[in-house]
Amino acid sequence: MDLYDQVAYENSRHLTLRYSTSFGISSRFFSKSIKDHIYAIYALVRIADEIVDTYAGIHGPKLLNELEERIYETLQTGYDTNLVIHAFCKTATVYGIDRTLIKPFFDSMRMDLTPQLYKSVNYTKYIHGSAEVIGLMCLRVFLDGNSISYNELMPGATALGSAYQKVNFLRDLSTDYKELGRIYFPQVTYDTFNEKQKQIIILDIKNDFSKAILAINKLPNSSKRATLISYVYYSELLKKLERTSAETIKHNRVRITSIRKLILMIKTVLFGVFKK
């Protein structure tokens, strides 16, 4: 079984690094003891995303339901023929990632199966399941079962996940609408999106980031540097979105160049903990 476990984690690592260059860069700075577990979480999330975003076919609900049920079954059996599920469930078992975090994620993924105009209530629900619980899954790994620290840092972890998701929503506003028919922000439509609405969204994200950095600075060394690098990258992306007009965001995906990402990473590694 040890060899199978190893191959399952290697598969999750490969999937993660193929799909995300920015996360791939920061993830390399997790300590060896937790790196595979973070890849396992990311890979499972990516597979679910693929069902609702890339496949987007009539069998989406069935595939999503089957994926969720197989996870619950594998948490009981300890084995699955799907390498991504197997690795995720090994990690979930070690760190106590249970249905309280898994179910909200799948509930949010189901919301993506049908394009909708989000109101505050379902927007909050979507953010919690699609982003905040991912932050909490990672936090369980970071803290290795320390429940006191987990409870203390939980608000910061959810705020960080929320901030990342909202930045992605703003950056991807054009492609989400044109390719998937989605606009996530409450009471915002593609046609009426304007500078005032953009600034309200940015202020909300800044508030999340302010809460998140307090928790990041208290993370153990095994996870602090990698998390800080991703924080700095997303903060830079938010600054660029703030400088970009609402009209431009409606038509173009805002990006940080690879060179700029490298510079941000080097600065973060050299100068250590970021101060707000």
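Rules used throughout
- Residues numbered from 1 in each chain as written.
- Predicted model: local features only at pLDDT ≥ 70, side-chain atom pairs only at ≥ 80, totals over all residues.
- Heavy atoms only, no water.
- Core = buried A, V, L, I, M, F, W, Y, C linked by side-chain atoms within 4.5 Å.
- Buried < 20%, exposed > 50% of the residue type's maximum accessible area, 1.4 Å probe, protein only.
- Helix = DSSP H or I, 4+ residues; strand = E, 2+ residues; numbered from the N terminus.
- Expected span 1.5 Å × (residues − 1).
- Arc of directions from axis to C-beta.
- Phe/Tyr/Trp six-rings, centres within 6.5 Å; stacked < 30°, edge-to-face > 60°.
- Lys NZ or Arg CZ within 6 Å of the ring centre and 35° of its normal.
- Contact = heavy atoms within 4.5 Å.
- pLDDT = per-residue confidence, 0-100.
- Patch = residues over 30% accessible without salt bridge, like charges linked within 9 Å, V, L, I, M, F, W, Y side chains within 5 Å.
- Areas by Shrake-Rupley, 256 points an atom, 1.4 Å probe, with all protein chains shown as cover.
- Salt bridge = Lys/Arg side-chain N within 4 Å of Asp/Glu carboxyl O.

1. What about the nonpolar core?
- Ile71, Phe88, Phe105, Leu139, Phe142, Phe209 and Tyr231 are the most contacted members of the largest nonpolar core, which has 83 residues in total.
- Examining the composition of this core, we find that 12 residues originate from one element, helix 7 (residues 120-143), more than from any other.

2. Remarks on helix 4 (residues 60-77)
- For helix 4, with 18 residues, the first-to-last C-alpha span of 25 Å sits near the 26 Å given by 1.5 Å per residue.
- Those residues of helix 4 that sit buried are Gly60, Leu64, Leu67, Glu68, Ile71, Tyr72 and Thr74. The arc enclosing the buried residues of helix 4, seen along the axis, measures out at 165 degrees, which places them on a common side. Among the exposed residues of helix 4, those pointing more than 90 degrees away from its buried face are Gln76 and Thr77.
- Immediately beyond the C-terminal end of helix 4, within one or two residues, lies glycine 78, with a positive phi of roughly 80 degrees.

3. Looking at the packing of aromatic side chains
- Evaluation of the coordinates by the stated rule reveals 16 aromatic pairs.
- Aromatic pair tyrosine 164 and tyrosine 234: ring centres 4.2 Å apart, planes at 25 degrees, arrangement stacked. Separated by 70 residues along the polypeptide, tyrosine 164 in helix 8 (residues 147-171) and tyrosine 234 in helix 11 (residues 221-243) bring together distant segments of the chain.
- For tyrosine 164, a relative accessible area of 15% translates into the label buried.
- Judged by relative accessible area, tyrosine 234 falls into the buried class, the value being 12%.
- An aromatic cluster is defined as three or more aromatic residues linked by ring pairs; in this entry it consists of Tyr118, Tyr123, Tyr126, Phe169, Tyr184 and Phe185.
- If you follow arginine 99 out to its NZ or CZ, it ends over the ring of tyrosine 72, 3.7 Å from the centre.
- Sitting over the ring of tyrosine 150, arginine 140 keeps its end group 4.2 Å from the ring centre.

4. Regarding helix 10 (residues 195-216)
- Here helix 10 is 22 residues long and its end C-alpha atoms lie 31 Å apart, about the 32 Å a rise of 1.5 Å per residue gives.
- Burial in helix 10 covers these residues: Gln197, Lys198, Ile201, Ile202, Ile205, Asp208, Phe209, Ala212, Ile213, Ala215 and Ile216. When helix 10 is viewed along its axis, its buried side chains cluster within an angular range of 140 degrees and face the same direction. Projecting away from the buried face of helix 10 at angles above 90 degrees are the exposed residues Lys196, Ile200, Leu203 and Leu214.
- Those residues of helix 10 that are buried are in contact with helix 8, helix 11 and helix 12 (246-249).

5. Looking at the confidence of the model for the protein chain
- Looking at the protein chain, the pLDDT average stands at 93 and 98% of residues meet or exceed 70.
- Across the protein chain, helix 5 (residues 83-95) holds the top mean pLDDT of 98, while helix 2 (residues 21-27) sits lowest at 81.

6. Some words on the environment of threonine 227
- Here threonine 227 is to be found in helix 11.
- Sequence spacing of threonine 227 and threonine 74 is 153 residues, and the spatial spacing of their C-alpha atoms is 29 Å.
- Those residues in contact with threonine 227 that lie beyond four places of it in its chain are Phe30, Phe142, Leu160, Tyr164, Ile216 and Leu219.

7. Observations regarding a nonpolar patch on the surface
- Together, Tyr55, Ile58 and Leu63 make up an exposed nonpolar region whose accessible area comes to about 310 Å².
- Its place among the elements puts isoleucine 58 in the loop between helix 3 (32-55) and helix 4.

8. Description of the pattern of salt bridges
- Tallied over the entire structure, the rule returns 18 salt bridges.
- Residue lysine 103 is joined to aspartate 107 by a salt bridge in which the shortest nitrogen-to-oxygen separation is 3.0 Å. Here lysine 103 and its partner aspartate 107 are both found in helix 6 (residues 99-111), 4 residues apart, which amounts to about one turn of the helix.
- By relative accessible area, which is 42% here, lysine 103 ends up partly exposed.
- Look at aspartate 107 and you get partly exposed, because its relative accessible area is 22%.
- Across the salt bridge formed by arginine 182 and aspartate 112, the nearest N and O atoms sit 3.6 Å from each other. Placement of the pair is arginine 182 in the loop between helix 9 (173-180) and helix 10 and aspartate 112 in the loop between helix 6 and helix 7, with a sequence separation of 70 residues. For the pair arginine 182 and aspartate 112, one class covers both residues: buried.
- Salt bridges linked by common partners bring Glu68, Lys103, Asp107 and Arg110 together as one network.

9. Remarks on the environment of proline 104
- Position of proline 104 relative to the elements: it lies in helix 6.
- Since its relative accessible area comes to 18%, proline 104 is described here as buried.
- Taking the C-alpha atoms as reference points, proline 104 and serine 130, 26 residues apart in sequence, are found 7.6 Å from one another.
- Leave out the neighbours within four places in its chain, and proline 104 touches Arg99, His128, Gly129 and Val133.

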